[in-house]
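Notes for the structure review
Spelled out from the first residue to the last, the chains are:
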Amino acid sequence: MPTTKMINTKMTVAAFAATAALGLPTLAAAQDYTIGVSIPAATHGWTGGVNFHAEQAKERLEALHPEIAITISTASDPGGQANDLEDLVSQRNIDALVVLPFESGPLTDPVRRVKESGVFVTVVDRGLEQEGIEDLYVAGNNHEMGRVSGEYIRDQLDGEGDIVVLRGIPTVIDEERVQGFQEAIEGSDINILDMQHANWNRDDGFEVMQDFLARFERIDAVWAQDDDIALGVIEAVRQANREDELFIVGGAGMKDIIARVMEGDELIPVDVLYPPAMIATAMDLTVQHFVSNGPVVGEYILGSPLITQENAEQYYFPDSPF
Amino acid sequence: MNSVVPNNKSVARSQASFDLKTWGPFIALMALALLGVLINPAFLGLDNLSNMLTRSAFIGIIAIGATFVITAGGLDLSVGSMAAFIAGVMIILMNSLVEQFGPGLTTILLGIGASLLLGLCAGFINGMVTTKGKIEAFIVTLGTMGIYRSLVTYLADGGTLSLDWGVRDIYRPVYYGSLVGIPIPVLVFLLVAVVGYILLNHTRFGRYCFAIGSNEKVAEYSAIHVDRIKTMTYMLQGVCVALATIIYVPRLGSASGATGVLWELEAIAAVIIGGTVLKGGHGRIWGTVVGAIMLTMIGNILNLTDAISNYLNGTVQGIIIIVAVYLQRASWRKSAP
């Protein structure tokens, strides 16, 4: 046993030395471009997904393009993210920045300073407050997400019925989604019984839905707007034994919900995409700026397709934490 | 003779003030319930009442533990993240036990046991660092609050931990089931309250808590093991958090970094609304129970009406809490001297 172990260790050392010898020159050449990625820390489901997809994209892109190095930094508040941006420029000497700002306001100026140092800037999801700073803007479409959800509910109920709406945290994102939703059901006989904030949170979704169920004798559909809220809503509906009366439309593309859609769950017939994987899209496009001869500037707005049983599989990432 | 008369008088007066102090929270609760009925008759529906009481069980059970800690002059800010952390560990443990024991009672009992043990240990750590390390409870538990919160985020990879579906189906009745028409969480809440009441008001341990909270130095000179008793209050708090978590996990079968956020403030608010003094020395278990129900009731009433803009929910909650405590203190101040 000791001999084999020794041989193994030796072989590993030898292999390591060989790789190091062979690898170092290529590695030196590999530092042609450095891309810095700055994202919020994984404090809740959706940002957890952002972190997962950023790591995946880093591995894939670095393997595909040896001349590109990607460095990811996560921050837990806007101030920390501003520090990260300074460090990325001064310590890593980045050629491009992909940033998903914590908040638009506080980060507009730090990102502008990065841009002024001659770095290619890609902004993801949350736009900055000043126009013309970023070279590339990649985002989901909150208004569209609300509209797609509203149209589905309208069509499914044949333009007539009583529904309840669970909103997110009171922010611009929530506002835009609700606006799109209301535009979609305008002119139909769909009546919103009430809207309450469930803060994109399972527990709040459960409690708000319990109270809706106690208050309204008949509910035809629920727009939960978010998959975390939807999971809470499902349990409240199950508790009240009212699964046959209504259906629920969530949003985002959480794997648990997609799995249910794939199985053909009648309570959750569809989901509307607002994917954390948009960070990967942004990283891909930023890399294209360096490796492609086509121009990569402007805006890239992702659609919010309806995820149904037929197409659910292509949006299912079983390894993602979200 | 002359001196006896005023003495008697003052005894009678303090008796009356004691009643006001005790019943204050109950009167506030009744007023709030009346408001609820006026806003929406559905408030009194059996379903709604049982939903509400069941919901208040989490904060209520935690707040009963907090009553001991606060009465003995301490403070525990870590309870919310502790609950999230314990829930996370419980879920991971039960998911891994499924392979060995199947999704049966053994798995669930082991999960529950682990939860209680974790709660006890977490409380012990808070207590020891506070007393032996001589660091303010505020700082110690602020530290452990951050530690448990980040640990659960780490365990969940920033996402959500979900309980195995097989285990969930068997474990589900602990939250959704009921015994003689009363939901199980409400029964547990009641049981914890009764035990807490006896412990605080009818045992030596309870009297020591009062003594330490009133004056730690005097308590020490009276040969009370101050450090030991204080550590025990934190351990009791830990067990209460574990009990709340045991009921919480079967509700949605998941835990994430967003679980139990701000529970510590709700628990402390419930304790204070109930008439316990924040700086220690006086605690009331039944007041705490009422305080916890009141906090849940405010949210429930706001969900039953669309008369108030959703954006103002926090404002309404804040006003009701301050008014409730003010009324209680005002009546107390008037008749106490």
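Everything numeric in this text was worked out from a predicted model, so none of it was measured.

So, on to the overall build of chain A. Of regular secondary structure, chain A possesses ten helices and twelve strands. Here chain A holds 322 residues, and 52% of them are scored as buried. Long-range contacts, defined here as pairs at least 24 residues apart, represent 73% of the contacts in chain A between residues at least 6 apart. If you sum the accessible surface of chain A, you get close to 14,500 Å²; carbon and sulfur atoms cover 50% of it.

Right, let's talk about the packing of aromatic side chains for a bit. Summed over all chains, the structure comprises 15 aromatic pairs over all chains. Between the aromatic rings of Phe58 of chain B and Tyr175 of chain B, the centroid separation amounts to 6.0 Å while the plane-to-plane angle is 20 degrees, which identifies the pairing as stacked. A residue pair is termed long-range when its members are at least 10 positions apart, and Phe58 of chain B in helix H2 (residues 46-71) and Tyr175 of chain B in helix H7 (residues 173-176) qualify at 117 residues. Neither residue differs from the other here; Phe58 of chain B and Tyr175 of chain B are each classed as buried. Following the ring pairs from residue to residue traces out a cluster consisting of Phe206 of chain A together with Phe58, Tyr175, Tyr176, Tyr248 and Trp263 of chain B.

Residues and elements named next belong to chain A. With respect to the helices and strands, Ala69 occurs in strand E2 (residues 68-75). Under the relative-accessibility criterion, Ala69 is labelled buried at 16%. Separated by 147 residues in sequence, Ala69 and Phe216 place their C-alpha atoms 56 Å apart.

For the rest of this paragraph, the subject is the side chain of Gln225 of chain A. Residues and elements named next belong to chain A. When you line up the elements, Gln225 lands in the loop between strand E8 (221-223) and helix H8 (227-239). There is a polar contact of 3.4 Å between the side chain of Gln225 and the side chain of Arg177. Separated by 2.7 Å, the side chains of Gln225 and Trp200 make a polar contact. Ignoring any residue separated from it by four or fewer positions in sequence, one finds Gln225 in contact with Met145, Leu166, Arg167, Gly168, Asp174, Arg177, Val178, Trp200, Val249, Gly250 and Gly251.

Residue and element names in this part refer to chain A. The four strands are arranged E7-E6-E8-E9 in an open sheet whose pairing can be described as parallel. Only two strands of the sheet have a single partner each, and these edge strands are strand E7 (189-197) and strand E9 (247-249). With strand direction ignored, the average angle separating the axes of adjacent strands in the sheet is 20 degrees. Relative to E9, E8 runs parallel, the two being bridged by three bridges. Each residue of the ladder has a partner; that of Val222, found in E9, is Ile248. On top of the sheet, helix H5 (residues 142-156) reaches strand E6 (160-167), E7, E8 and E9; it is set at about 160 degrees to E9, its chief contact.

Taken as a whole, this structure holds two cavities of 30 Å³ or more when the rule is applied. Of the volumes computed, that of the largest cavity is approximately 90 Å³. If you go around the largest cavity, the residues you meet are Arg202, Leu231, Ile234, Glu235, Asp256 and Arg260 of chain A together with Ser162, Trp165, Arg168, Leu252, Gly253 and Ser254 of chain B. For the lining of the largest cavity, the secondary-structure elements that each account for two or more residues are H8 and helix H9 (255-263) of chain A together with helix H6 (165-171) of chain B.

The next subject is the domain arrangement of chain A. Domain parsing of chain A yields domain 1 (33-141 + 276-302) and domain 2 (142-272). For domain 1 of chain A and domain 2 of chain A, the distance between their C-alpha centroids amounts to 32 Å.

For the rest of this paragraph, the subject is the layout of surface pockets. Here the second largest pocket is characterised by a volume of approximately 420 Å³. Taken together, 19 residues form the lining of the second largest pocket, with Gln239 of chain A together with Leu46, Asp47, Ser50 and Asn51 of chain B sitting closest to its centre. Counting residues per element, the ones that place at least two in the lining of the second largest pocket are helix H7 (202-215) and H8 of chain A together with H2 and H7 of chain B. Residues that form the lining of the second largest pocket fall into these classes: nine nonpolar, eight polar and two charged.

This part covers H2 of chain B. Residue and element names in this part refer to chain B. Here H2 spans 35 Å end to end across 26 residues, near enough to the 38 Å set by a 1.5 Å rise per residue. Ala57 marks the point of greatest bend in H2, at about 40 degrees. Burial analysis of H2 places 21 of its 26 residues in the buried class, the great majority of the element. Among the residues trailing H2, Gly73 stands out with phi positive, at a value near 85 degrees.

Moving on to the sheet that holds strand E5 (residues 136-139) of chain A. Residues and elements named next belong to chain A. What the six strands build is an open sheet, ordered E2-E1-E3-E4-E5-E11; its pairing is parallel. Edge positions in the sheet fall to E2 and strand E11 (298-301), since each has one partner strand and no second. Between one strand and the next, the sheet's axes are offset by a mean angle of 15 degrees, whatever the strand orientation. Looking at chain direction, strand E1 (residues 33-40) and strand E3 (residues 96-99) are connected through four bridges and run parallel. Bridge pairing links Gly36 to Leu97 in E3.

All names here are of chain A. Positive phi, close to 55 degrees, is recorded for Asn199, a residue that is not glycine. Relative to the helices and strands, Asn199 resides in the loop between E7 and H7. Backbone geometry at Ala252 places phi at a positive 120 degrees, although glycine is not the residue there. Here Ala252 lies in the loop between E9 and H9. Accessibility expressed as a relative area gives 4% for Ala252, which makes it buried.

Each value, and the rule that gives it
- Residues numbered from 1 in each chain as written.
- Chains lettered and ligands numbered in written order.
- Predicted model: local features only at pLDDT ≥ 70, side-chain atom pairs only at ≥ 80, totals over all residues.
- Heavy atoms only, no water.
- Helix = DSSP H or I, 4+ residues; strand = E, 2+ residues; numbered from the N terminus.
- Buried < 20%, exposed > 50% of the residue type's maximum accessible area, 1.4 Å probe, protein only.
- Contact = heavy atoms within 4.5 Å.
- Areas by Shrake-Rupley, 256 points an atom, 1.4 Å probe, with all protein chains shown as cover.
- Phe/Tyr/Trp six-rings, centres within 6.5 Å; stacked < 30°, edge-to-face > 60°.
- Polar contact = N/O pair within 3.5 Å; in protein donor to acceptor, adjacent residues only side chain to side chain.
- Pairing = 2+ DSSP bridges.
- Axes fitted to C-alpha atoms, helices over the stretch in contact; angles between N-to-C directions.
- 1 Å grid on protein atoms, 1.4 Å probe; cavity = no way out; pocket = protein on both sides within 12 Å on 5 of 7 lines; lining within 4 Å.
- Points joined across faces, edges and corners; volume = space filled by probe spheres on them.
- Domains from an automatic or database assignment.
- Nonpolar A, V, L, I, M, F, W, Y, C, P; charged D, E, K, R; others polar.
- Expected span 1.5 Å × (residues − 1).
- Bend = angle between axes of the 7 residues up to and from the residue.

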